[in-house]
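Spelled out, the chains give:
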Amino acid sequence: MSPGQTTKLVGVVEQLDHSEDAEVKLSDKALNAAAKGQATSGYETLTPWETVKTFKVASLLCFIVAFSAATDGYQIGINASIIANKGFVARFATEIDKKGSRYLASPILSGWSSIMSIGQIIGMISLSFVSSRYGRKVAMYTYWLLLVGSVIAESLARTWQVWLVAKLLAGMGVGGVQSTVPTYISEVAPIRIRGALLMCYSFWWTVGSFFAQVALRMLAKHNPKDYLVPIYTQWGQLGVMFLIYIFLPESPAWCVTRGKIELAKKNLLSLNRSVKSYNMEQQIEVLVLAAEHEHAVAVEQRREHWYAIFQGTDGLRTVVSLWTNLTQQFIGLTLFGTFGTYFFQQAGLSDPFTIKTITSSIQIGTVLTVVLLVDRVGRRFLACGGTTLSWLSCIAIGIIGVLPQVRSSVYIFIFFACLWNVGLATNGATGWGYIGEISSQRLRPYTAGFGAASTCVVGVVMNVLVPYMVNANKWNWGLKTGWFYAGVGFPFTLGMWFLIPDTTSRSAAELDELFERKIKPWRFHKTETATQQLVNFQKVDGH
């Protein structure tokens, strides 16, 4: 053998050794990932736009199922503004002020808003059990029926007691929407754009809230004593929701968790029928590995029941999932949201409906920006930054309230009210995302239900207090109410920076690993998971 042939032979042997070594390393990393319930789907390196183009059907379905939030936003918007409608006041008022004008008694206002929060708590918690046992679609049909009942009651109400029943049913229906839809989107959305699709819930919510203000604004200008038209328009929303739910596939992740593998395959194919060369068996393996790992950990820790959401790592995940939305209640959600128009009216603004419409428009623009940025900038920065902005706005409004009132005071107040809405829209968009995606797959409906309900528990208290704070015939705090929220909101705003992680582009199994390893929230985005190690090795080695 010539020297040249010998050199070539040595090179071939070295290449084979390198190839075998690379295969061994790849196999080791794949096994390490599998031991943590993880496997690659083959789509980890797609850009957000490439992901949208690849998963057209799944992306579209997530976007349209989020339309349910428009009904949620419309209900909350109606609740916040209809109490300032002259016709509504004339129909339901029970008190007369010193000038002889009829007005809504604070206990009745508190009762309406509180009963809706109580309804939300009931809906969120009860439907989490329905969702877990019978599936996400059955839960959707259940809260849809509750919303139908609420609109019937609203349409027929002529006394404040009947309106109270309507608000209870509306709360139960809205609570079901708030706990079920983010859960569904989190399970169905392509991972690379899950954040943007979860934020679509808030987009539709703000759209619904905006049109509630527009409807009441138009009535205030052209027919100020008609309050029923905005109520009747809800039938159109409910009709669209029903059509969406008929054609919606069940969540494959739920099917796998319940052991319905064949049904999971059927729904995966339905969701991803537009994906070329879709390897359904590989995608089922990803879901099964994650479900089996979570079950094994639960058995090992003896935390197999639903109340594991209060224990250990799962307990921490519950706190993280609810913290962002809970913080809303302590930075003025009830003041600016539930009683927004009423607050502006009591603060002395001549056209409160217009101001509320403007702030709702700002929320829509903010949420659209968040949808575009969330999978690039990350959830943590947006959630913490938005919350801090709203808290600072409460301080500014409180300062305006204690300073001598001049002509420019109103304009400065409106400016900071707008800033508050920018912050809260950002907080809310990311908050509902955390409700849906932070939990383990096994406990997701329970964590989402309890996490969302905890916000409403505080909402009940705030709904009792705020009418007294802003009512000129009661405590008459006016703009000084900002100081109350600055005080109670401080520890929760600070807690955001220490509790909230960045979950961008992380699969459910990767989040399991990060929480199991007790990674600090501010290090989530810098920490390499088993899936990332496998993907990075495949990139370098050319697999």
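Only a predicted model underlies this, so the values are computations on that prediction, with no experimental measurement involved.

How should I be thinking about the packing of helix α21 (residues 444-470) against helix α22 (residues 481-499) in this particular structure?
Helix-helix packing is characterised by the crossing angle of the two axes and by the distance between the axes. Viewed as axis vectors pointing N to C, α21 and α22 meet at an angle of 145°, and their least axial separation amounts to 10 Å. Only T481, F484 and Y485 of α22 make contact with α21, whose side of the interface consists of M462, V466, M469 and V470. Looking at side-chain class alone, the contact of α21 with α22 contains six nonpolar, one polar and no charged residues.

Quick question: what am I supposed to make of the nonpolar core here?
Inside soluble globular proteins, nonpolar side chains tend to come together where they are buried. Y143, I185, W204, M241 and Y245 are the most contacted members of the largest nonpolar core, which has 59 residues in total. Look past the residues within four positions of M241 in its chain and what remains in contact with it is F67, S68, T71, Y143, W144 and L147.

Quick question: what am I supposed to make of α21 here?
Since one α-helical turn is 3.6 residues long, residues separated by three or four positions face the same way. For α21, built from 27 residues, the straight-helix expectation of 39 Å at 1.5 Å per residue is met to within 8% by its first-to-last C-alpha distance of 38 Å. The sharpest bend along α21 comes to roughly 30°, located at M462.

Please explain the environment of I246 as it appears in this structure.
Within the element layout of this structure, I246 appears in helix α11 (residues 234-247). Taking the relative accessible area as the measure of exposure, I246 reaches 38% and is therefore partly exposed. Taking the C-alpha atoms as reference, I246 lies 9.3 Å from Y141; in sequence the two are 105 residues apart. The contacts of I246, once residues within four sequence positions are left out, are K137 and Y141.

What am I meant to see in the packing of helix α15 (residues 312-330) against helix α20 (residues 409-437) here?
Running from N to C, α15 and α20 point in directions that differ by 150°, and their axes come no closer than 7 Å. Comparing their axes, α20 and α15 come out roughly antiparallel. Crossing hand, α15 versus α20: left-handed. Note on element contacts: α20 touches α15 through L424, N427, G428, T430, G431, W432, Y434 and I435, opposite S321, L322, T324, N325, T327 and Q328. Considered class by class, the residues forming the contact of α15 with α20 number five nonpolar, nine polar and no charged.

How do you make sense of the packing of aromatic side chains when you look at a structure like this?
Describing an aromatic ring pair means giving the distance of the ring centres and the angle of the ring planes. Counted by the stated rule, this structure contains 32 aromatic pairs. Taken together, a centroid distance of 6.4 Å and an interplanar angle of 85° make the contact between Y141 and Y245 edge-to-face. One end of the pair, Y141, is in helix α7 (residues 136-156); the other, Y245, is in helix α11, with 104 residues separating them in the sequence. Ring centres of W306 and Y307 lie 5.8 Å apart, and the angle between their planes is 80°; this geometry places the pair in the edge-to-face category. Judged by its relative accessible area of 37%, W306 falls in the partly exposed class. Accessibility expressed as a relative area gives 40% for Y307, which makes it partly exposed.

Teacher, can you tell me more about helix α23 (residues 508-516) here?
Taken across its nine residues, α23 has seven buried, putting it largely inside the fold. What α23 keeps buried is the set A509, E510, L511, D512, E513, L514 and F515. Positive phi appears at K518, one or two residues downstream of α23, with a value of about 60°.

For this particular structure, what's the right way to read the state of the cysteines?
Disulfides are covalent bonds that connect the sulfur atoms of two cysteines. Taken as a whole and judged by the stated rule, the model has zero disulfides. Not part of a disulfide, C200 finds its nearest cysteine sulfur in C62, a span of 8.6 Å. For C200, a relative accessible area of 6% puts it in the buried group.

Is there a simple way to think about the pattern of salt bridges in this case?
Should their charged atoms come close, side chains of opposite charge can pair. Taken as a whole and assessed by the stated rule, the structure comprises twelve salt bridges. Several salt bridges share partner residues, and in doing so they unite R194, D375, R379 and E437 into one network.

Looking at this structure, I do not really get empty space enclosed by the protein. What am I missing?
In this approach the atoms are scanned with a rolling probe the size of a water molecule, which exposes any empty space left behind. On inspection of all chains with the given rule, the structure shows two cavities of 30 Å³ or more. In this structure, the largest cavity spans a volume of roughly 570 Å³. I76, Q178, W205, Q328 and L333 are, among the 42 residues lining the largest cavity, the residues nearest its centre. The greatest single-element share of the lining of the largest cavity, amounting to seven residues, is contributed by α20. Looking at the lining of the largest cavity, its residues break down into 16 nonpolar, 24 polar and two charged.

How should the side chain of Q234 be read in this particular structure?
With respect to the secondary-structure elements, Q234 resides in helix α11. Here Q234 falls in the buried class, since its relative accessible area comes to 2%. Look past the residues within four positions of Q234 in its chain and what remains in contact with it is Y74, Q75, V151 and E154.

Would you take a moment to explain the confidence of the model for the protein chain for this structure?
Atom-level detail of predicted coordinates should not be read off regions where pLDDT is low. On average, residues of the protein chain score 83 in pLDDT, and 90% of them reach the 70 mark or higher. At the level of individual helices and strands, the protein chain shows its lowest average pLDDT in helix α1 (residues 3-35), which scores 55, and its highest in α7, which scores 94. With pLDDT under 50 throughout, residues 4-18 is counted as low confidence; its partners more than four residues away or in other chains account for three contacts.

Calculation notes
- Residues numbered from 1 in each chain as written.
- Predicted model: local features only at pLDDT ≥ 70, side-chain atom pairs only at ≥ 80, totals over all residues.
- Heavy atoms only, no water.
- Axes fitted to C-alpha atoms, helices over the stretch in contact; angles between N-to-C directions.
- Helix = DSSP H or I, 4+ residues; strand = E, 2+ residues; numbered from the N terminus.
- Contact = heavy atoms within 4.5 Å.
- Nonpolar A, V, L, I, M, F, W, Y, C, P; charged D, E, K, R; others polar.
- Core = buried A, V, L, I, M, F, W, Y, C linked by side-chain atoms within 4.5 Å.
- Buried < 20%, exposed > 50% of the residue type's maximum accessible area, 1.4 Å probe, protein only.
- Expected span 1.5 Å × (residues − 1).
- Bend = angle between axes of the 7 residues up to and from the residue.
- Parallel < 35°, antiparallel > 145°, perpendicular 65-115°, else oblique.
- Left-handed = near helix turned anticlockwise from the far one by under 90°.
- Phe/Tyr/Trp six-rings, centres within 6.5 Å; stacked < 30°, edge-to-face > 60°.
- Disulfide = S-S within 2.5 Å.
- Salt bridge = Lys/Arg side-chain N within 4 Å of Asp/Glu carboxyl O.
- 1 Å grid on protein atoms, 1.4 Å probe; cavity = no way out; pocket = protein on both sides within 12 Å on 5 of 7 lines; lining within 4 Å.
- Points joined across faces, edges and corners; volume = space filled by probe spheres on them.
- pLDDT = per-residue confidence, 0-100.

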